[in-house]
Amino acid sequence: MNKKKNQFCSFPWIIVLLFVFSSLNYSANAACPSDIIRIMPLGDSITYGVTDANAVVDPAITVGYRQKLYLELVKLGYNVNFVGSLQTGQSAIPSFDYDHEGHRGWRDDEIADGIDNVGGVYKWLEQNHADIVLLHIGTNGVLKDQSASDVEKILDEIDRFNADFNIDVIVIVARIINFADPRQEITTFNNNVEKMVLSRIAEGDKILLVDQENALDKIHMADNVHPNALGYEIMADVWLEALLTILPLCEDAIGIFRKGAWYLDSNGNDQWDSVADTTISAGSFGLATDKPVLGDWDGSGFTKIGVFRNGAWHLDFNGNGKWDSSIDTTYRSFGFPDDVPITGDW
């Protein structure tokens with residue numbers, strides 16, 4: 001029912017954007033929410049979701065930025081699959097996709113190469129292919145080494161994976177968050193990473209750079225190193241704003257309402273195709289005298305049908321194209337029979 005377009009935006013925490021939409025392999029007229037987008041959160045304990053290194057917290061409820069980011073993407077209508085060999089947040093409410101590669105205590109060189117032949121970004125991508133990698137790494141060891149060389153090795157390993165598997169993984173690289181008691185070493189490290197990333201972008205590498213460092217302040221930290229819940233929410237917002245510049249943005253397709261029947265241009269090519277497009281027969285959800293309405297009735301990011309009949313609103317809440325009296329919704333206290341119904345995000 002929808003077709004996609006790409007959104008070109010700028011946001012205060014996105015330093016540099018390289019738009020590489022074709023690498024996600026979306027077909028020209030595919031409905032955006034049906035396309036699975038594989039995202040790998042990659043990093044250390046901050047990706048894992050630690051809030052206080054000295055506290056004992058059940059991993060099953062440890063979510064970091066990942067829960068909010070996932071739920072926001074789903075709310076916007078995206079079919080998201082977080083991928084990785086680690087799982088934390090299994091018991092969190094609301095539930096979300098809790099797979100990730102946030103390795104507590106690991107340095108950037110260890111994320112690149114693994115430890116004692118265990119792990120490493122190339123192996124993790126082999127195990128769980130990703131379309132997008134969210135990289136926040138460098139906190140462990142940054143006070144001793146502010147070079148960007150190990151982060152560059154991670155990017156080299158991702159490029160090697162791309163070449164070996166003929167895949168174009170887009171990497172969103174973060175200027176990492178600073179400590180609650182800020183250290184110049186972290187800013188220096190971030191500056192070096194930014195310079196390296198800009199150079200690679202100029203050479204055609206598929207990278208975005210976001211600024212998590214300046215998005216958070218001391219009040220957003222649970223201990224000297226890790227964000228609190230609000231800090232992780234802000235991190236999720238920064239990632240989300242970057243993702244929305246490269247993910248497909250669905251636009252409405254056309255359709256008609258004729259004598260109680262709906263005819264919808266499902267493949268988005270602006271012409272009627274009896275096989276590919278959608279017909280909802282008269283009487284399934286509408287009568288000839290009804291007035292059609294459209295809206296995202298449940299906040300899921302999907303447009304659904306409805307009708308206005310004799311002053312009452314009948315809304316297809318579950319979006320299946322037929323009236324289900326136990327699930328769908330009727331409103332009788334907003335309108336008169338001769339009114340013209342309108343909908344919007346007021």
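The structure reproduced in this document is the subject of the present report. (Residues numbered from 1 in each chain as written. Predicted model: local features only at pLDDT ≥ 70, side-chain atom pairs only at ≥ 80, totals over all residues. Heavy atoms only, no water.)

This brings us to the packing of aromatic side chains. Scanning the entire structure with this criterion turns up 12 aromatic pairs. Ring centres of Y65 and W239 lie 5.7 Å apart, and the angle between their planes is 45°; this geometry places the pair in the tilted category. Highlighted residues: Y65 in the loop between α1 (45-48) and α2 (66-75) and W239 in helix α7 (residues 229-243), separated in sequence by 174 residues. Residue classification places W239 among the buried positions, given a relative accessible area of 0%. Judged by centre distance (5.6 Å) and plane angle (45°), the rings of W106 and W124 are tilted. Of the two residues, W106 sits in the loop between β6 (99-102) and α3 (108-113) while W124 sits in helix α4 (residues 121-127), which places them 18 residues apart along the sequence. Accessibility expressed as a relative area gives 15% for W106, which makes it buried. W124 sits in the buried class, given a relative accessible area of 3%. The rings of Y70, F82, F96 and Y98 are connected pair by pair, giving a single aromatic cluster. Between the NZ or CZ atom of R258 and the centre of the ring of Y263, over which it lies, the distance is 4.9 Å. (Phe/Tyr/Trp six-rings, centres within 6.5 Å; stacked < 30°, edge-to-face > 60°. Helix = DSSP H or I, 4+ residues; strand = E, 2+ residues; numbered from the N terminus. Buried < 20%, exposed > 50% of the residue type's maximum accessible area, 1.4 Å probe, protein only. Lys NZ or Arg CZ within 6 Å of the ring centre and 35° of its normal.)

What follows is about the nonpolar core. Most often, soluble globular proteins have nonpolar side chains that are buried together. If you look at the biggest cluster of nonpolar residues, it comprises 37 residues, and the most contacted ones within it are L69, L73 and I172. Of all the secondary-structure elements, those providing two or more residues to this core are β3 (36-43), α2, β4 (79-82), β7 (132-136), β8 (170-175), β9 (207-211) and α7. The greatest single-element share of this core, amounting to nine residues, is contributed by α7. Filtering out sequence-adjacent residues up to four positions away, I172 remains in contact with I132, V133, L134, L135, L208, V210, W239, A242, L243 and I246. If you look at the next biggest cluster of nonpolar residues, it comprises 35 residues, including V83, Y122, V193 and L209. (Core = buried A, V, L, I, M, F, W, Y, C linked by side-chain atoms within 4.5 Å. Contact = heavy atoms within 4.5 Å.)

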